[in-house]
Amino acid sequence: MGNNGRGSTWLNKAEKRQKLAEEERERQRLFLRSLEEPTSYGNCGNKETTSNTVPISIPGNTEQCSSFSLLETTMAEEQDESFGNLLGYDDNDVGGSLMLGNETGPHGDAREVLQRESDDNLLVQSLFENPDLYDREEGGAELREQEEEQDEDEELFFEYYPTNPPPGPDLIFQDGQQLGNDNDVNSAALMEEDNDLPPDAPTDHPMPEGPTPNISFATRLNRNRISIEEEGSYDLITLMDSFGAPRNAYDRLLALLRKQKKNGFDVIKQAIGRDVFLKRMQNKFGCPSVQTNTISDCTVFSFPFAKMLQDLVDCRQGDIEYFDPDKDYSTGTNLLDTKWASETYRKLRIDPNNECFLPLILYMDKTGCDAYQRYPLEPVLFSLANFTQEKREDRRSWRHLGFVPSSDNIKEKDSETSLQFYHNCLGAILAEVKEAQQNPPTIQFNREDGTLAKLKARVPLMIIMGDQLSQDTLCARAKANAGGAGRVHRSCMCSYLSVDDPMQECVEVNVDLIGQLTSMALASTEDLQRVVDEEPSIHNKERAMREDSREMKFLLNQRKVMKQILSRPYTTHAINNAFDGMCFGAWTSGVYDATFDDFMHGTEAGLIKYIGESVFGGLQPKERSVYETVVRKLLLSGRSSVRYDYPRMRVGIGFSRQTLMTSSERVGTILMLALSLQLPSVRDVIGKGHERQIQKYKWFPPPDPEPTKSKMSKKKKGTADLNKKRGSSSSEEQQQQGIPEDYPMYYERFFNNDITKNDYDGVMLVLEHLGRHGFDLEELNNLDDLQIHQLIVNVTPKLAGKEYPKSYPATDIEGHYFDRGRHYEVPGDIKTRVGQAMFSVYEKHHILSKMRFVGVRGTVDKHHREKPKTEGVGPTSAVLCDTENLSAFLELVLTFHAFCKYSSTLPSHLRDDKMQEAIENGGRLIVLYFERFTFRGVNSVDSRTTKIHAQLRIGLNYDALLSPMHSSTELGERLLKTEAKGISSTAQQRGTETFERQTCSRIGDRLVLDKVGETLEQQYISDEAAASAETPIHHQQEPPPPHPTTKDDVTRRIPHFKISRVGREGTVVSLDRKGNISDCTAATGRPDDIVVSYLLENEPLIDHFEIYNEVIIRNDTRIRAWPNYRQSQGPWFDFVDIQWEDGCHPGRALGFYKKKDEETGETVLYALVHVVDEQTENKVPGTITSMLTDKYCMKYERTTRGYVPVIRIVPLASINTSILAYLLQPASQLFDHRNKHVMALRPRNEWAYIWLAWTEELVKANSKLLNDESLQHLPESFTDEELQKNKKKKRSTEFVPLNDKVLWKSVRENLESKLSSTQW
């Protein structure tokens, strides 16, 4: 019965018992009155009582009963309504009588007895009132069955006693001992109780014939008394459940307690209280104290850096790799192998005898700790570059520096004030790090000989990890990501014009210029007056320091100009940065160099996310539904033991909406899309859907539509526009359709259209005053047209009306003003550059290079126009290429992703300068094809985002760190769960300060516990070594055998099936893990008859076969061949890669058995496999060319019995690995010749090689275009129309499509060369 049915059952019974409950409450009132004065109850066991007594009966005992005062008079009034609950009754109870023993104790004892009993009875009452609670715990089904049985008893009971049920026992006293308590109720007492029941009372067994039964709820409750063991277990389980402990925590706790008891530890007597234990351990090991600072009335909590560094070194000293200046680091992939490490080591002039090189890695990011984000935490964590990437995955390799409080606590909410508050708090946390860089602390190290060494720690800052938002915050970059930003990326000067230009060369940020502009922009009036006061050339200082003086007017206006320049084009806030003055080693741009692009947010949640949104966003709901159905059918039909090696695929209903997905699931979505495009049905859905989207992309609405006489609704108007977009044959509609030239380019709205060519002299005058105000005009050569335009337009209001010398100081002011004289002239090249930038918007071909208009052969060219969103048209994202090019592009992106994640595992002979060049070009080609293949929609910025630009910087990041994963925040996201959310889960959320203080306290506690754990590990090792030294050699245990996966082996000792050569078709039986033999059932499964027949036929010398369903081979890969996996999860037959004489081809494992080798006598494992037809490799009809997959036909032979699968027996040693493969048309049975086409994925460890080979061949195929310098700029006479005509004449002006057959052939040859040169 479901929850609703159960609830209604209890409700009906409550109505039936309403009258009985009222009578019962009256009885309780009488009982309370009788307790007001001591009353003797004599001989009242089974006899009627007077109005002053209560009937009390004890089953099997007729001795005299005593009476006593149970409760005080005042308690009787308060407990009038609840006393029934206290005794175990409730409003739904049938009643009962209190059973007392011969003697009574004092009042306090009686109250204590009732109070103890009430705790248990209240639990019963809560279950009565909330029957749904049964379903929430394990064992709910059993409780519900017991409950149903009790319901049947009650129904019978009410039939016999519809109005006045007899009293029943509740509390049991016998010989002065309470039997109602769990530890005193034994089976004999319960049997005696049952004997007192009427013969017809309902029981668990069939009810005998006889008089009417006499039973109550209390009777049944006592019959099922809870033992003391069950009560204690219940208390422990309930306690742990209330803490949110996992289900296995209780069993683990019991195992730990038994282990401790076996070791001689008495938990009750010897366990130390938590606070006492922690205090004792803190005194023994020490613990860094929490420090506080007050910033803008907010408390900032931090930890002492030197002590936390010492703690990290003490705990992880065995994992620290120390830099050796004489070692060759050219072939490694760790952070100490980078050029930065060697250059920084030399720059700091480190003395290896007295100093230690410990580069720092910082991670910081904000996370919420509750559902409403009321208590966010932003931990600042640090680790060392001396750890390998694998060691840094361990949380113990990180230490807290402090927590940055939320800016929500400050009163002023503008962006610049909030940002300054953030950096002030961060500066307080990093203050000791700066101090340690200037005055290196002394750190103790344990030498290999056991002695201590004290060295000075040199701690330059190498990497700051974080996502794009946090990195921009650290660099004080403004959050300008909606288009038109003067500086899109924090680490370079690329603007909105060039952010997605694959040919753009990044120019580093001029840190000195940013610092100079910031210093001038932040100068207060008092600071400027101090400058005037300290200037020796100014004689009348009192007058010059007045705000209306020429000097102060100039300085105040100069401050405004510099702040405007910082805002646009440098997209930077004028603040005091927390990292100013910190040592970044060899990074010349400081924090701008150390804040690397995050692979997870830039690639997985950036590029790959954009691709998924572009593809699925352009489909209609019905098309997405069809796609999901086909994909689920494809992917859910096959199983593989190496599925975990590939990106995670989510195939739940609605996955194509691309919402609520993790970064890894987005990668899996792209893989899923690439695989499904091998099916003609999927290509048809996506192809037709995006043909419609391409028409939308090409269609332009009329720029000025004529108003119609009749009012047209928005929906009808949108439908009419949509019909025109779809290519109506009406000539009138075609005349109303707009043309691309009617609409502006995407960048035009970010240029100031108020400036005309007639304003040339005014622009040159502004340029002159800009130079007089101290701005280095040569810096304009490093800016593009948009940045120059923004700079001039932004400072013009501040410099308008200025005249020389009237608006300038009479004398020079050091650091602020230099008198350039009356004949100051702006350099000619600067004038030309500024003139071109300011007025090139009127000659549109000057803005973008010719390369931006070169498309890919066979795709729709980008028009780069800004279209208005037309209502009623629907989504406007589009894929501008065919499905074959889309499939190839998805595979290129997937291999690029695999290379970034696993490039550190590539062999050293591939990591050379040639590989660095390939990476640089590969990132650019990814952006090139993404920008030309996809359109993200009318209201988007398309490919012009920071995350796309990060792909262009992949070569720079790889050259600096040797692997993009060193700066990936995948590790950081896991740290947030443990070092912020997890550790603060028990902190009280009673104000931000209390919450953060308690979180810091728990960090200190965990540091101590970590030290205790590590000390215990060392203690165990030492004790084992000592015990081993004292044990005689002949008593010492043999060393453990080698790892079981160093050779092929089965996964269990007992086979799963036995096949005997009995009868015509043989006999098959099933075996469990204990060797018990049984017939094959649906649960156990059974080897296919074809497999059994083949085995008996091809192994005539063996009469009995032991068949195994699962093996594990030498590379730790499992291979499964289960007729019914785990007896409940259906068939599981892995595809495997088999080494044949002519090469490697896949097959499908059908089972495994052992056979003795005739020559050596050793037992060898063999596999039964269904092979593929190697002649059909990549010749399966309906599929397309792919680099990640190979398509085959499973091999069948046509015989008189029909189509029979071709099975082979191969040594297990000839199987290289299990592979991921899918039948293109899922079959309902193991062998089906009609659905024989299979698609096998290449192993994931080959994908990085594929990307390298693909990139090298793409560069060669497009070398003419990539090396054509004339494409970097357009001649003035070259118009868009001429460009289109030229492209139609010459195919050489287009990039090679990704599905080009010549390209595929060269990529495969390059790949085979790389794979053959690698030792696997």
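The following paragraphs examine the structure supplied in this document.

Thresholds, definitions, all that
Residues numbered from 1 in each chain as written. Predicted model: local features only at pLDDT ≥ 70, side-chain atom pairs only at ≥ 80, totals over all residues. Heavy atoms only, no water. Pairing = 2+ DSSP bridges. Helix = DSSP H or I, 4+ residues; strand = E, 2+ residues; numbered from the N terminus. Axes fitted to C-alpha atoms, helices over the stretch in contact; angles between N-to-C directions. Parallel < 35°, antiparallel > 145°, perpendicular 65-115°, else oblique. Left-handed = near helix turned anticlockwise from the far one by under 90°. Contact = heavy atoms within 4.5 Å. Nonpolar A, V, L, I, M, F, W, Y, C, P; charged D, E, K, R; others polar. Salt bridge = Lys/Arg side-chain N within 4 Å of Asp/Glu carboxyl O. Buried < 20%, exposed > 50% of the residue type's maximum accessible area, 1.4 Å probe, protein only. Lys, Arg positive; Asp, Glu negative; His and termini not counted. Polar contact = N/O pair within 3.5 Å; in protein donor to acceptor, adjacent residues only side chain to side chain. Phe/Tyr/Trp six-rings, centres within 6.5 Å; stacked < 30°, edge-to-face > 60°. Bend = angle between axes of the 7 residues up to and from the residue. Expected span 1.5 Å × (residues − 1).

With that out of the way, let us pick up the sheet that holds strand β23 (residues 1132-1133). Spatial strand order, β16-β21-β22-β23: 4 strands in an open sheet with antiparallel pairing. Whereas interior strands pair on both sides, the edge strands pair on one side only; in this sheet they are β16 (1049-1050) and β23.

Closest axis-to-axis distance for the helix α23 (residues 599-617)/helix α25 (residues 663-676) pair is 9 Å, and the angle between their directions is 45°. Judged by the inter-axis angle, α23 sits oblique to α25. For α23 against α25, the interelement crossing comes out left-handed. Contact residues: M600, E604, A605, I608, K609, I611, G612, V615 and F616 in α23; S663, S664, R666, V667, T669, I670 and L673 in α25. A class-by-class count of the residues in the contact of α23 with α25 yields 9 nonpolar, 4 polar and 3 charged.

Applying the stated rule across the entire model yields 49 salt bridges. For the salt bridge of D311 with R399, the shortest nitrogen-to-oxygen distance reads 2.7 Å. Pair noted here: D311 is in helix α13 (residues 305-316) and R399 is in strand β10 (residues 399-403), with a separation of 88 residues, a long-range link. Look at D311 and you get buried, because its relative accessible area is 2%. The partner of E979 in a salt bridge is R1006, and the shortest N-O contact between them spans 2.2 Å. Separated by 27 residues along the polypeptide, E979 in helix α36 (residues 970-982) and R1006 in helix α37 (residues 992-1030) bring together distant segments of the chain. Like R1006, E979 is buried. Each of R316, D319, K391, D394 and R396 takes part in salt bridges that share partners, so that together they form one network.

Taken in spatial order, the 3 strands make up an open sheet running β5-β12-β11, and their pairing is mixed. Since the sheet does not close on itself, it has two edges, and those belong to β5 (355-357) and β11 (442-446), each with one partner. Averaged over all pairs of adjacent strands, the angle between their axes in this sheet comes to 50°, without regard to strand direction. Relative to strand β12 (residues 452-458), β11 runs antiparallel, the two sharing 5 bridges. Counterpart to Q444 in the pairing with β12 is K454. Running at roughly 155° to β5, helix α14 (residues 339-348) makes contact with β5 and β12 of the sheet.

At a closest axis distance of 11 Å, the pairing of helix α32 (residues 883-902) and helix α33 (residues 913-933) adopts a crossing angle of 145°. As for the relative orientation of α32 and α33, their crossing is left-handed in sense. Where α32 approaches α33, its residues N885, F889, L892, V893, F896 and F899 are matched on the opposing element by M915, I919, I926, Y929, F930 and F933.

Right, let's get into unusual backbone geometry. Following R568, the chain continues to P569 via a peptide bond in cis, the omega torsion being 25°. When you line up the elements, P569 lands in the loop between α21 (550-567) and α22 (591-594). Backbone torsion omega between Y804 and P805 reads 5°, so that peptide bond is classified as cis. Summarising the element assignment, P805 is placed in the loop between α30 (785-799) and α31 (828-839). If you check the backbone angles, D297 has positive phi at about 65° while not being a glycine. You can see D297 is positioned in the loop between β3 (291-295) and β4 (298-302). A relative accessible area of 73% means that D297 is categorised as exposed. The residue L962 is not glycine, and still its phi comes out positive at about 70°. Here L962 is to be found in the loop between α35 (954-961) and α36. Since its relative accessible area comes to 19%, L962 is described here as buried.

Here β11 shows one buried face, formed by I443 and F445, and one open face, formed by T442, Q444 and N446. If you look at the hairpin formed by β11 and β12, you'll find 5 residues sitting between the two strands, and G450 has a positive phi there, around 95°.

Mapping R392 onto the fold places it in helix α15 (residues 389-392). Among buried Asp, Glu, Lys and Arg side chains, R392 stands out as unpaired, with E393 the closest opposite charge at 7.2 Å. Of note is the side chain of R392, whose polar atom sits 2.8 Å from the backbone oxygen of F387. Residues within four places of R392 in sequence aside, it is in contact with L335, I361, S383, L384, F387, S397, W398, H966 and L971.

Applying the stated criterion across every chain, the model contains 35 aromatic pairs. Taking 5.3 Å as the distance between ring centres and 55° as the angle between the ring planes, the aromatic pair formed by F616 and Y627 counts as tilted. Note that F616 is positioned in helix α23 and Y627 in helix α24 (residues 621-635), a separation of 11 residues in sequence. Judged by its relative accessible area of 1%, Y627 is buried. With a centroid separation of 5.4 Å and 55° between ring planes, the pair formed by F896 and W1251 is classed as tilted. Here the residue F896 occupies a position in helix α32, and W1251 occupies one in helix α39 (residues 1247-1261), the gap between them amounting to 355 residues. On the basis of relative accessibility, which here comes to 0%, the residue F896 falls in the buried class. W1251 sits in the buried class, given a relative accessible area of 0%. Counting every residue linked through ring pairs, the aromatic cluster contains F323, Y329, W340, Y345, F357, W587 and F596.

For the rest of this paragraph, the subject is α23. In α23, a bend of some 35° at K609 exceeds every other bend along the element. Of all 19 residues that make up α23, 16 are buried, and the element is covered over most of its length.

Below, the discussion takes up α33. Taking 1.5 Å of rise per residue, the 21 residues of α33 would be expected to cover 30 Å, and the 30 Å separating its terminal C-alpha atoms lies within 8% of that figure. With 17 of 21 residues buried, α33 is to be regarded as a mostly interior element.

This paragraph deals with the pairing of strand β22 (residues 1118-1122). Among the 5 residues that make up β22, 4 are buried, leaving the element largely enclosed by the rest of the structure. Alignment of strand β21 (residues 1110-1112) against β22, held across 3 bridges, turns out to be antiparallel. Following the sheet pairing, E1110 is matched in β22 by R1120. Across 2 bridges, the pairing between β22 and β23 is antiparallel.

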